[in-house]
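Topology and contacts: notes
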Amino acid sequence: MSRLNDPEYVAVLRTDEWPSSIGARYGISRHAVKRDRAKLGERRENPTTGPVIAGESETHRPDGSADYVLNSEQAWGYSDFCRFIESKGQNPDEVTFTWGVTTNPSGGFWNKLNNVRPKVAGKDDGAPEWPVIQPAERVQFVTGWVPPKPARDGLKLSLKCADTQIGFRAGGNTIEAFHDWTAINVFIAVCRAEQPDSIIILGDFLDLAAQGKYVQEAGFARTTQMALNDGHLMLSLLRAACPNSQIVLVEGNHDKRMQSFIEQNALAAFGLKQANMPDSWPVMSLPNLLRMGELNIDYMDAYPAAAHWDDDTTRNIHGTRANSRGSTMAQYVQDAPHINTWAGHTHRTEIIYKTVIGPRGEPIETYSANPGALCHTDGRVPSVHGAIHADGSSARVVEDWQQGFGSLLHGDGVAWPQVHRIRDGVTVYNGKRFTVEHMGVHA
Ligand SMILES: [Fe+2]
Ligand SMILES: [Fe+2]
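Quick notes on the rules
Every chain is numbered independently, its residues counted from 1 as its sequence is written. To read the labels, note that chains go from A and ligands from 1, taken in the order they are written. The predicted origin of the model limits local features to residues at a pLDDT of at least 70 and limits the giving and counting of side-chain atom pairs to 80 or more, whereas totals for whole chains, interfaces and linings rest on all residues. Strands are runs of DSSP state E lasting at least two residues, helices are runs of H or I lasting at least four, and both sets are numbered from the N terminus onward. Residues are treated as contacting if the C-beta atoms built from their backbones sit within 7 Å of each other. Axes here refer to lines fitted to C-alpha atoms; in helices the fit is confined to the stretch in contact. Angles between the N-to-C directions go from 0 to 180 degrees. Oblique is the label for any angle not covered by the other classes, which are roughly parallel (under 35 degrees), roughly antiparallel (over 145) and roughly perpendicular (65 to 115). Put simply, a crossing is left-handed when the front helix is turned counterclockwise from the back one by less than a right angle, and right-handed when it is turned clockwise. For this scheme, ten residues count as nonpolar: Ala, Val, Leu, Ile, Met, Phe, Trp, Tyr, Cys and Pro. Four count as charged, namely Asp, Glu, Lys and Arg, and the remainder, Gly too, count as polar. With C-beta atoms placed from the backbone, a residue counts as buried when 20 or more other C-beta atoms lie within 10 Å of its own, as exposed when 12 or fewer do, and as partly exposed for counts between those limits. Pairs of strands are assigned from DSSP output, requiring at least two bridges between the strands. For the purposes of this analysis, a nonpolar core is taken to be any set of buried Ala, Val, Leu, Ile, Met, Phe, Trp, Tyr and Cys residues that are connected through C-beta atoms within 7 Å.

1. Things to note about the overall build of the protein
Helices and strands together make up the secondary structure of the protein, namely nine helices and 19 strands. Long-range pairs, those at least 24 residues apart, make up 70% of the contacts in the protein with a sequence separation of at least 6.

2. Some words on the packing of helix 5 (residues 181–194) against helix 6 (residues 223–241)
Axis separation between helix 5 and helix 6 bottoms out at 9 Å; the angle between their running directions is 20°. Considering the angle they form, helix 5 stands roughly parallel to helix 6. In this structure, helix 5 meets helix 6 at a crossing whose hand is right-handed. Here Ile184, Ile188, Cys191 and Arg192 of helix 5 come into contact with helix 6, specifically with Met234, Leu237, Leu238 and Ala241. Here the contact of helix 5 with helix 6 is built from residues that sort into seven nonpolar, no polar and one charged.

3. Side note on unusual backbone geometry
A cis geometry characterises the amide bond from Tyr303 onward to Pro304, with omega recorded as 5°. Counting through the fold element by element, Pro304 comes out in the loop between strand 10 (297–300) and strand 11 (308–311). Positioned with a positive phi, Asn296 is a non-glycine residue whose angle comes to about 55°. Note on placement: Asn296 falls in the loop between helix 8 (286–289) and strand 10. For Asn296, a count of 11 C-beta atoms within 10 Å gives the class exposed. Not every positive phi belongs to a glycine, and His347 is a case in point at roughly 65°. Note that His347 resides in the loop between strand 13 (340–343) and strand 14 (350–357).

4. Things to note about the pairing of strand 11
One ladder, built from three bridges, connects strand 11 with strand 12 (residues 314–317); its direction is antiparallel. In the strand pairing of strand 12, Asp311 is matched with Thr314. Counting the residues that bridge the hairpin from strand 11 to strand 12 gives two residues.

5. With respect to the nonpolar core
Phe187, Cys191, Ile201 and Leu238 are the most contacted members of the largest nonpolar core, which has 70 residues in total. Apart from residues no more than four positions distant in its own chain, Ile201 is found in contact with Cys161, Ala162, Val248, Leu249 and Val250. Counting residues in each nonpolar core, the second largest holds 10 residues, with Phe81, Ile85, Leu113 and Val116 among its members.

As structure tokens, then:
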């Protein structure tokens, strides 16, 4: 049996007693003691030693809890997280934590260790049992090397996504996420490879089921804060992947729920701003709660008027129309055949063109496109078709929804819009396959 399995001997090795003195006590040479110390050092080594990698982060909160995001070649298991906690000087048996792993779009894995805090017997820190909504937990990313921007023949590239519906249903022992991290990571992987001029998120970024007007399920309660945290995480990942891209979030009807909820239930809190910051977003607004300013992300509010224009003829909106039996995009090209429209809302991937006669008899071609959704399409997202089992989980439903994203190359009066499907965590974009698997706590 190895001496290193003897806890007493290991404890002695961890003191600064001279090797010769330890050797004399255990009847071995001082060289053997030194070798054992070296082996012990390897075993205790922080599995992430090495230079800080882009996207790694470490967050310490005033209450003593901490979060870590760490990169590795191989996905970490539970024991790796325990070893890491040990390397931070804490005993894994004396702390609580949650962990998860996602694949890193640029190779390897993100190992996520959240809410590491000492176990407390009995009632915890006296925090309210139904915590008030607060800004998302801050995620600090280190932006390192990013791929060079591909040449595009003088054209600008705008990538589009929509309807992430970030939110949760917490019932019994299970937590269901409405948003699909696999699809989200595929989109972020494409963004990273392309370094686009702009990334436009076409609304319904959050689901905000607890603030909705529909039947309240028990499982919605307390999930708002989790959604804000995941929303901020996605925006942080996007910003880390594309440090130089303009990123815009256009408000959707679900995002608007936060404002409507405050207006209806806590009018006194509506529009309140931080002291001495008259130009800031209100405290309870999504840009503030998602910390969008810190990530240099623009928010276009006032749905359904909320819009961002790529150029003189191309608008990005969330959309108000949903034609369940036909093309919704056809309605936009009928309504406004002189401009191009990117819209979400229906969760259906679609692109349609229209050509009308211009003022000098020339043909004018425009299009309307929906990139599809980045939420799950199997009945988890609350919708008119949804149904809930007795245990609070959702029934599987086949929604007529598709996952995907959009791309627009434009400039000098030309536009090359495309929509791209994401199927089972895979997309093929410009002839290249992008796959990202997600295996973590968020699934
Ligand atoms: Fe939606
Ligand atoms: Fe919507």
